[in-house]
Amino acid sequence: MNKIVKNADDAIKDIKDNATLMFGGFSFYGIPENCISALVKKGVKNLTCISNNAGVKDFGIGLLLQTHQVKKMISSYVGENEVFEHQLLSGELEVELIPQGTLATRCMAAGYGMPAFFTPAGVGTEVAKGKEVRKFIVDGVEKEFLMEAAFDADFAIVKAWKGDAEGNLIFNATARNFNPIMAMAGKITIAEVEELVPVRTLDSNFIHVPGIYVHRIF
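Teacher, can you tell me more about the nonpolar core here?
Soluble, globular proteins show a tendency: their nonpolar side chains are buried together. In terms of nonpolar packing, the biggest core is built from 30 residues, with Ile15, Leu21, Phe23, Leu39, Leu65, Met73 and Ile190 touching the most fellow members. Taken together, the elements giving at least two residues each to this core come down to α1 (8–11), β1 (20–23), α2 (33–42), β2 (47–50), α3 (61–66), β3 (70–75), α4 (82–90) and β8 (155–164). Considering each element in turn, this core owes the most residues, four residues, to α2. Dropping the residues within four chain positions of it, isoleucine 15 is found in contact with Leu21, Leu39, Lys42, Val44, Phe155, Ile157 and Ile190.

Printed below as a string of structure tokens:
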């Protein structure tokens with residue numbers, strides 16, 4: 001099945017206001033910058049963005065924050081973006097900060113079709129506010145665990161090194177980061193790649209995301 005679309009504009013054409021979007025990447029690596037630029041140009045607003053970090057002022061999700069297109073950020077690290085800081089302190093931006101491992105597992109749970117899971121991370125902190133806490137016996141000791149829900153994202157947007165028309169993806173080095181688990185988790189997954197190769201030329205032993213998870217690629 002050929003999943004190739006013409007460009008970033010075509011790939012994000014049906015993303016509308018109020019959508020929930022997952023963005024792969026970590027710091028500057030593996031950021032789907034072409035799709036982000038297309039979203040800025042399109043002007044969609046009131047977005048909920050799920051990402052490990054909130055980008056920097058002039059790159060990544062930071063560009064969407066500059067144009068006030070984001071209503072809520074769900075992230076684990078936001079310390080390098082002064083635009084984010086200003087919008088948070090002014091009350092313009094809703095923010096959910098969660099432990100990085102919890103962020104990753106909520107992505108994986110969505111990809112696996114699991115509605116929720118239990119984790120010790122965040123018990124007894126602000127993270128646990130309003131969430132179910134349950135006790136389990138671990139190694140003979142009763143411990144408290146926090147229930148976390150899987151993410152429910154309309155789109156996952158990732159960037160890979162290589163991909164083919166069927167959507168199979170390979171990531172390069174640290175750009176792999178959050179991209180594979182987010183690619184599995186979106187209702188519709190969009191992949192931008194540095195190199196689009198013919199089908200059956202990727203070594204199946206090194207494919208990080210099978211094409212079954214990817215709906216559009218350019």
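In this structure, what is going on with the pairing of β2? I would like to understand it.
Remark: a regular strand shows side chains that alternate across the two faces of the sheet. Alternating residues of β2 divide into Leu47 and Cys49 and Thr48 and Ile50, and every residue in both groups is buried. Bridge count between β1 and β2: three bridges; the pairing is parallel. Bridged to leucine 21 within β2 is cysteine 49. With respect to chirality, the unit in which β1 leads through α2 into the neighbouring parallel β2 is right-handed.

Where do I start with empty space enclosed by the protein in this structure?
Any empty space left between the atoms is revealed when a probe the size of a water molecule rolls over them. Taken as a whole and judged by the stated rule, the model has one cavity of 30 Å³ or more. In this model, the largest cavity occupies a volume close to 40 Å³. If you go around the largest cavity, the residues you meet are Phe23, Gly24, Ile31, Pro32, Ile36, Ser51, Asn53, Ala54, Gly55, Gly60 and Ile61.

Each value, and the rule that gives it
Residues numbered from 1 in each chain as written. Predicted model: local features only at pLDDT ≥ 70, side-chain atom pairs only at ≥ 80, totals over all residues. Heavy atoms only, no water. Core = buried A, V, L, I, M, F, W, Y, C linked by side-chain atoms within 4.5 Å. Buried < 20%, exposed > 50% of the residue type's maximum accessible area, 1.4 Å probe, protein only. Helix = DSSP H or I, 4+ residues; strand = E, 2+ residues; numbered from the N terminus. Contact = heavy atoms within 4.5 Å. Pairing = 2+ DSSP bridges. Right-handed = clockwise from strand over helix to strand, strands pointing away. 1 Å grid on protein atoms, 1.4 Å probe; cavity = no way out; pocket = protein on both sides within 12 Å on 5 of 7 lines; lining within 4 Å. Points joined across faces, edges and corners; volume = space filled by probe spheres on them.

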